[in-house]
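Close look at the chain arrangement
Letter by letter, the chains look like this.
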Amino acid sequence: MYEILDWQNSPWAQGCQLSAGQLRTTAASRHAASFSLFCFAFPHLVIFLCAMRKSKAIFLICLAVEFTLVPFQAALAQSKPDRPNVLFLFSDDQRTDTIAAYGNRHIRTPSLDRLVKQGVSFRRAYCMGSMRGAVCVPSRAMLHSGRTLFRVPMDLQGVKILPEVLRQTGYTTFGTGKWHNKEESFARGFSHGKSVFFGGMSNHLKVPLQDLKSDGTYTQKAPGSKFSSELFADAVINFLKNYREDRPFFAYVAFSAPHDPRMPPKKYAVMYEPSKLPLPINFLPQHPFFNGHMTGRDESLAAWPRTPEIIRGQTAEYYGMITQMDYQIGRIIKALKQTGQAKNTLIIFASDHGLAMGSHGLLGKQNLYEHSMRAPLIFVGPGIPEDQSSHALTYLFDIFPTICQLTGIQIPDGVEGQSLVPIWQDKQKSVRDSIFTAFSTVMRAVRNDRWKLIRYPHINKSQLFDLHNDPHELKNLADDPDQEDRVRKMMALLQRWQKRVDDQQELTSANPQPAAIDLTAKERKPDRHQPEWIIRKYF
Ligand SMILES: [Ca+2]
């Protein structure tokens with residue numbers, strides 16, 4: 001059933017860090033494990049036989065030999081190869097402020113809270129953006145390739161991807177859930193695929209699922225019989241419980257929650273009382289100017305102007321989706337512990353980007369405010385300190401080289417992310433000084449530790465925010481005469497980033513569009529994935 005790769009002799013393994021030292025370590029440790037087993041079993045066998053024959057002297061000698069060997073056995077056990085398993089839990093459209101342990105008193109996320117306590121949280125992790133409305137696609141393309149937005153094909157053709165690299169260096173790779181970068185790349189990366197959803201979104205009770213067959217083809221699409229998050233959890237739990245291989249595993253679980261339709265199962269749909277939920281601090285009924293993308297699918301899920309009641313109602317449903325997913329994450333981690341593999345497993349939790357959910361008058365992720373481009377990012381596992389947070393500026397595509405370092409793999413050519421290991425080892429405070437983000441042809445942004453500039457080229461407008469004093473991006477300082485020099489410097493930084501990542505977008509338009517906009521009572525149409533009750537409630 002499992003594909004056996006001759007990875008020790010593969011060109012890949014020969015060229016990687018693992019090829020020399022660690023391969024020997026792996027082979028040596030296999031002999032060590034056999035010897036360890038002998039040291040453990042032999043004295044036990046002799047003691048048992050002597051007890052049967054009542055030979056007291058030999059019995060005592062063997063007992064002494066066994067006690068002498070105890071520390072030796074322990075040392076041998078520790079010499080096992082230290083390539084950890086990797087369990088990667090990935091959510092869809094989850095804001096960073098939806099984890100209770102980060103200070104949200106209104107949401108229940110006990111499983112994620114435990115991960116926060118057990119590991120390192122990167123509180124300023126970003127998606128670099130998107131050139132299209134479906135931000136999920138490039139975010140995942142960047143994640144799996146380690147490359148920046150303008151240097152990765154959306155179908156991942158022709159680039160080394162994370163599961164592929166792990167697979168080629170001896171990992172069994174299992175994937176379940178949403179894969180938004182085409183079927184070919186999934187089959188290239190994963191040796192096992194169960195309940196895989198190729199697409200962007202679906203009614204969570206009718207997800208069209210496929211399994212990867214051993215010949216690299218897929219089963220026919222069939223609708224899932226349970227809620228999406230439960231199905232994906234079931235798939236990985238089944239994989240973990242039946243895993244019998246010597247080689248380490250990479251298990252990738254890509255939930256499609258809390259992406260809309262925001263339709264949590266009943267228990268979770270009534271868990272949050274909308275009237276008790278606060279509005280986002282930066283709630284607005286409408287975005288104050290035409291940002292270039294204000295009537296797309298995500299934005300059309302509630303009427304304009306946004307009302308506090310509608311935003312609270314959708315937030316209750318969004319939180320319900322997150323808490324239900326959190327419960328499934330708890331089930332997965334419990335199953336991992338039951339297998340005895342937890343201590344040698346690196347657990348990563350992240351999301352592909354955030355979501356507006358009423359902030360700045362917006363609902364979606366097609367904007368460059370913090371709530372939409374930032375995502376949760378947590379690492380837990382052997383050698384990783386507990387209960388720590390870093391405010392280093394990171395990208396989600398830093399996960400790729402970080403996993404490479406933790407699994408002893410040379411980072412492939414073309415990977416532009418940075419390993420985050422030196423941060424939690426206290427060897428580095430940061431891996432970059434600023435973050436660049438982009439959306440379509442209408443938004444570009446750059447931030448450093450304190451300041452953030454967003455540029456809207458289609459209307460020749462800039463926003464400047466002091467993120468230290470205004471983390472929710474409420475007060476635009478771009479037109480403040482005192483900030484003229486800062487705006488100029490941030491614009492220059494933005495242009496340097498554009499050059500660095502091959503972004504050709506002009507930042508000033510010769511014929512700017514009107515910036516004023518009022519969407520009051522604009523007609524909306526639901527997409528085909530929304531269930532009937534959501535259409536009745538919100539359309
Ligand atoms: Ca997404």
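Residues numbered from 1 in each chain as written. Predicted model: local features only at pLDDT ≥ 70, side-chain atom pairs only at ≥ 80, totals over all residues.

Topic: the overall build of the protein chain
Operational definition: Numbering goes from the N terminus for both helices and strands, where a helix is a DSSP run of H or I of at least four residues and a strand is a run of E of at least two. Every C-beta atom is placed from the backbone, and the number of other C-beta atoms within 10 Å of a residue's own sets its class: buried at 20 or more, exposed at 12 or fewer, partly exposed in between. By the convention adopted here, residues make contact when the C-beta atoms placed from their backbones lie within 7 Å.
Within the protein chain one finds 15 helices and 18 strands. Per-residue burial over the protein chain gives 46% buried out of 539 residues. Expressed as a percentage of contacts within the protein chain between residues at least 6 apart in sequence, the contacts between residues at least 24 apart total 69%.

Overview of unusual backbone geometry
Residue Pro258 is bonded to the preceding Ala257 through a cis peptide linkage, with omega at 0 degrees. Its place among the elements puts Pro258 in the loop between strand E9 (249-254) and helix H9 (266-269). The linkage connecting Trp304 with the following residue, Pro305, adopts the cis geometry, with an omega of -10 degrees. For Glu473, which is not glycine, the phi torsion reads 55 degrees and is therefore positive.

A closer look at the sheet that holds strand E11 (residues 374-375)
Here is the rule we go by: Two strands pair if DSSP finds at least two bridges between them.
Taking strand neighbours across the sheet as the criterion, the three strands line up as E11-E3-E14 in an open arrangement whose pairing is mixed. The sheet is open, and its two borders are formed by E11 and strand E14 (394-395), each paired with just one other strand. Relative to E14, strand E3 (residues 125-126) runs parallel, the two sharing two bridges. Paired with Tyr126 across the two strands is Tyr395, which belongs to E14.

A word on helix H8 (residues 228-241)
Rule in force here: By this rule, a helix spans an expected 1.5 Å times one less than how many residues it contains.
Helix length check: H8, at 14 residues, gives a terminal C-alpha distance of 20 Å against a target of 20 Å (1.5 Å per residue), a fit within 8%. Burial analysis of H8 places 10 of its 14 residues in the buried class, which makes it a mostly covered element. Buried residues of H8: Ser228, Ser229, Leu231, Phe232, Ala233, Asp234, Ala235, Val236, Ile237 and Leu240, and no others.

Side note on the packing of helix H4 (residues 110-118) against helix H10 (residues 308-338)
For clarity, the threshold we go by: A fitted line through C-alpha atoms serves as each axis, taken over the contacting stretch for helices, and the angle formed by two N-to-C directions is quoted from 0 to 180°. Orientation is classified from the angle alone, with under 35 degrees giving roughly parallel, over 145 giving roughly antiparallel, 65 to 115 giving roughly perpendicular, and any other angle giving oblique. Throughout, the ten residues Ala, Val, Leu, Ile, Met, Phe, Trp, Tyr, Cys and Pro are labelled nonpolar, Asp, Glu, Lys and Arg are labelled charged, and all others, Gly among them, are labelled polar.
The contact between H4 and H10 brings their axes to 7 Å, and the two run at 60 degrees. In terms of orientation, H4 and H10 fall into the oblique class. In contact with Pro110, Ser111 and Leu112 of H4, H10 contributes Asp326, Ile329, Gly330 and Ile333. Its residues assigned to classes, the contact of H4 with H10 comprises four nonpolar, two polar and one charged.

Some points on the sheet that holds strand E16 (residues 443-447)
Taken together, five strands build an open sheet; the order of strands is E4-E15-E16-E17-E18 and the sheet is mixed. Single-partner strands in this sheet number two, and they are strand E4 (129-130) and strand E18 (461-466). Bridge analysis of strand E17 (residues 451-456) against E18 gives six bridges, and the strand direction is antiparallel. Counted as the bridge partner of Trp451 is Asp466 from E18. Contacts from helix H14 (residues 484-500) reach strand E15 (435-439), E16, E17 and E18 within the one sheet, and its direction differs from that of E17 by about 70 degrees.

Let's talk about the environment of Arg114
Within the fold, Arg114 resides in helix H4. By the C-beta count within 10 Å, which is 16 here, Arg114 ends up partly exposed. Residues Arg114 and Gly330, 216 residues apart in the sequence, show an inter-C-alpha distance of 9.4 Å.

Side note on the nonpolar core
Put simply, the test is: Buried Ala, Val, Leu, Ile, Met, Phe, Trp, Tyr and Cys residues whose C-beta atoms connect them within 7 Å together make up a nonpolar core.
Judged by nonpolar contacts, the single largest core of 117 residues is most densely connected at Phe88, Leu89, Val236, Ala251, Val253, Ile348 and Leu396. With 11 residues, the top contributor of residues to this core is H10. Residues in contact with Phe88, not counting those within four places in the same chain, are Ala251, Tyr252, Val253 and Ile348.

A few points about the pairing of strand E10 (residues 345-351)
With seven of its seven residues buried, E10 lies for the most part within the structure. On E10, burial covers both faces: Thr345, Ile347, Phe349 and Ser351 on one face and Leu346, Ile348 and Ala350 on the other are all buried. Inspection of the sheet shows strand E1 (residues 85-91) paired to E10 by seven bridges, in the parallel sense. Counted as the bridge partner of Phe90 is Ala350 from E10. Here E10 pairs with strand E12 (residues 377-380) via four bridges, running antiparallel. Bridged to Ala350 within E12 is Leu377.

Regarding the packing of H8 against H10
Their axes nearest at 9 Å, the elements H8 and H10 cross at an angle of 5 degrees. The angle between H8 and H10 places the two elements in the roughly parallel class. Across the interface between the two elements, Ser229, Glu230, Ala233, Val236, Ile237, Leu240 and Lys241 from H8 touch Gln324, Met325, Gln328, Arg331, Ile332, Ala335 and Leu336 from H10. Its residues assigned to classes, the contact of H8 with H10 comprises eight nonpolar, three polar and three charged.

Section: the pairing of strand E7 (residues 208-212)
Two strands pair when backbone bridges link them, and strand E6 (residues 192-198) and E7 are joined in this way by two bridges, in the antiparallel orientation. Among the inter-strand pairings, Val196 is bridged to a residue of E7, identified as Gln210. Judged from the two bridges that link them, E7 and strand E8 (residues 222-223) form a sheet pairing that is antiparallel. Counterpart to Pro208 in the pairing with E8 is Pro223.

Here we look at helix H5 (residues 136-145)
Burial analysis of H5 places nine of its 10 residues in the buried class, the great majority of the element. Buried residues along H5 sit against E4, helix H6 (162-168) and helix H12 (399-406). Gly146 sits one or two residues past H5 and shows a positive phi near 75 degrees.

A short note on the environment of Thr437
For Thr437, the location among the structural elements is in strand E15. With 27 C-beta atoms packed within 10 Å, Thr437 lands in the buried category. Taking C-alpha positions, Thr437 is 7.4 Å from Cys127, a pair spaced 310 residues apart along the chain. Among residues more than four places away in sequence, those in contact with Thr437 are Tyr126, Met128, Gly129, Leu368, Met373 and Ala445.

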